[in-house]
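Close look at the chain arrangement
Each chain, letter by letter, is given below.
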Amino acid sequence: SSGINAEWPLRPGIDETQYPMKHNVAFRMYNKSKPNRYGMLFKALNAVEYPYVYQSHAYCCAPESTPTKHYVKGTKDIVLHLVDQVRQNGKEYSMKGCNITMDRLYTSVDLAKELLKRDITMAGTWQNNRIGFPAVLKAPTKEQETFSSGLWYQKDDDDTEMPAAKRNQLTLCHYVVKNKASTRKIVVVMSTTKIIKGVTQDDGKFKPALFKFYDYNKGGTDIFDQRVDKYTTKAMSKKWPHVTFYYLLDCIRVNSQTVHSLNNSKNVRKVESYGWGIALVEALIRPSVAIRPTKGLTASVKSKCYELTGEQRFRGEEPEGTNGQVLKPKTDTAGYCRTCLKSIYGENFTQKRRKLGKIKSCCQKCGMHQCLTHLVAKCADCR
């Protein structure tokens, strides 16, 4: 759970994240529409405005033995499990007043009522083969034109467990559209929020306001997936538990960057992700490098350890007059002069490079090969 690290939004969203994995296990998922077709499925509760995961639950198949408390069966129970697991400042947080956006996989009448008992509203598309779906909304009639819509209200709710003030709060909004095959169909959105009326006028499609509300609050998980796919911590491994660990590392990296950006009044979506990942890696490995014994380490390894930690014991023997600067060790490998290569970039680069001879001299500050023409020699006193 990561709910203690950021202010809770009023409109979180729930969706699936398929993390890349090709291990031969029973709970490996396949989805041809995803960039990575095979992977481990996570049900995640995400923020909408920025990439941040509040709570995540790994999908797994039914256990062979007696299920433990960690096994959650059914989409309804998974949503309620994610909601109940949210924490803030080490205490249970009820999420009262929040609105959860979900897709047709989770939307149902029973789930809407259970969330409403917790003072949580929801909005999501409703699949026409679910229990309680109205028969009149399964297919459009000839009288219903394309891009037409309508609102449906619940009346005479006989649920005795529901408080009287919260009854008859369920609302349906249907919208007639055409799919890719030019076949008309009805899309239905279920909501327990306050009634949102109106349609769009500028695009000519007369889309209901409730659908626009759903579209705006549905992309929270997609924002997180894009940030993870660009720079991931995942490495090659033959053990499938490592995939879960890599997913947690990616969540930590994205969440920590989001919290840091919000605390410093920066635009979360425009902050460069690669630099933050490198800084986080250095912060994680610095304690281990600091306690590493220096016996048996080469000069190049010691130089890198000193650049990371700044400790004197990694500096080793230095020429006099370096003023505490870390110098790269001299190399016996030959290479092309870096400055000469820059001067011949362009047309016929390969032919011009063949005329250059390889050299062993290099700059001890940057470690790049440099010919004697472009090297500046200084004595120890002039340094």
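Our structure is the block above this text.
Anyway, here's the lowdown on the structure attached to this text. (Residues numbered from 1 in each chain as written. Predicted model: local features only at pLDDT ≥ 70, side-chain atom pairs only at ≥ 80, totals over all residues. Heavy atoms only, no water.)

1. Here we look at the overall build of the protein
Within the protein, the secondary structure is distributed over 9 helices and 11 strands. Counting contacts in the protein only where the partners sit at least 6 residues apart, residues at least 24 apart contribute 57% of the total. Counting every atom, the protein has about 23,800 Å² of accessible surface; 52% of that belongs to carbon and sulfur. (Helix = DSSP H or I, 4+ residues; strand = E, 2+ residues; numbered from the N terminus. Contact = heavy atoms within 4.5 Å. Areas by Shrake-Rupley, 256 points an atom, 1.4 Å probe, with all protein chains shown as cover.)

2. Observations regarding helix H2 (residues 109-117)
The set of residues buried in H2 consists of Val109, Leu111, Ala112, Leu115 and Leu116. Within H2, the buried residues cover an arc of 165° as seen down the axis, which keeps them to one side. Looking at the packing, one finds that the buried side of H2 touches helix H1 (75-85), strand E7 (99-102), strand E8 (121-125) and strand E11 (184-191). With a side-chain oxygen positioned 3.3 Å from the backbone nitrogen of Leu111, the residue opening H2 is Ser108. Asp119 lies just past H2 and shows a positive phi near 60°. (Buried < 20%, exposed > 50% of the residue type's maximum accessible area, 1.4 Å probe, protein only. Arc of directions from axis to C-beta. Polar contact = N/O pair within 3.5 Å; in protein donor to acceptor, adjacent residues only side chain to side chain.)

3. What about the nonpolar core?
Ranked by internal contacts, the top residues of the largest apolar core, which has 29 residues, are Ile14, Met95, Met102, Leu115 and Met190. Only H1, E7, H2, strand E10 (171-178) and E11 provide two or more residues apiece to this core. Among the elements that make up this core, the one with the highest residue count is H1 (5 residues). Core analysis: the second largest hydrophobic core is formed by 15 residues, Tyr19, Phe224, Val228 and Tyr247 among them. (Core = buried A, V, L, I, M, F, W, Y, C linked by side-chain atoms within 4.5 Å.)

4. Description of the packing of helix H4 (residues 220-230) against helix H5 (residues 241-263)
Look at H4 against H5: their axes get within 10 Å of each other, and the N-to-C directions meet at 110°. Compared by their axis directions, H4 and H5 come out roughly perpendicular. For the pair H4 and H5, contact is made by Phe224, Arg227 and Val228 and by Tyr247, Asp250, Cys251, Arg253, Val254 and Gln257, respectively. Of the residues in the contact of H4 with H5, the class split is 5 nonpolar, 1 polar and 3 charged. (Axes fitted to C-alpha atoms, helices over the stretch in contact; angles between N-to-C directions. Parallel < 35°, antiparallel > 145°, perpendicular 65-115°, else oblique. Nonpolar A, V, L, I, M, F, W, Y, C, P; charged D, E, K, R; others polar.)

5. Quick look at the packing of aromatic side chains
For the structure shown, the criterion picks out 11 aromatic pairs. Ring centres of Phe27 and Trp240 lie 4.9 Å apart, and the angle between their planes is 75°; this geometry places the pair in the edge-to-face category. In this pair, Phe27 sits in the loop between strand E1 (13-20) and strand E2 (29-30) while Trp240 sits in the loop between H4 and H5, placing the two residues 213 residues apart along the sequence. Residue Phe27 is classed as buried on the basis of its relative accessible area of 13%. (Phe/Tyr/Trp six-rings, centres within 6.5 Å; stacked < 30°, edge-to-face > 60°.)

6. Thoughts on a nonpolar patch on the surface
Residues Phe147, Val199 and Phe206 make up a contiguous nonpolar surface patch of about 220 Å² in total accessible area. Relative to the elements of secondary structure, Val199 occurs in the loop between E11 and helix H3 (209-216). Here Val199 falls in the partly exposed class, since its relative accessible area comes to 35%. (Patch = residues over 30% accessible without salt bridge, like charges linked within 9 Å, V, L, I, M, F, W, Y side chains within 5 Å. Salt bridge = Lys/Arg side-chain N within 4 Å of Asp/Glu carboxyl O.)

7. Here's the deal with the packing of H1 against H2
At a minimum axis distance of 10 Å, the contact between H1 and H2 shows a crossing angle of 20°. Classified by the angle between their axes, H1 and H2 sit roughly parallel to one another. Here H1 runs over H2; the crossing is right-handed. Where H1 abuts H2, its residues Lys76, Val79, Leu80 and Val83 lie against Asp110, Leu111, Glu114 and Leu115. Grouping the constituent residues of the contact of H1 with H2 by class yields 5 nonpolar, no polar and 3 charged. (Left-handed = near helix turned anticlockwise from the far one by under 90°.)

8. Section: the pattern of salt bridges
Scanning the entire structure with this criterion turns up 7 salt bridges. Here Asp15 ties to Lys218 by a salt bridge, and the two come within 2.8 Å at their closest N and O atoms. Of this pair, Asp15 sits in strand E1 while Lys218 sits in the loop between H3 and H4, and the two are 203 residues apart along the sequence. Considered together, Asp15 and Lys218 belong to a single accessibility category, that of buried residues. A single salt-bridge network, built from bridges that share partners, covers Asp84, Glu114, Lys117 and Arg118.

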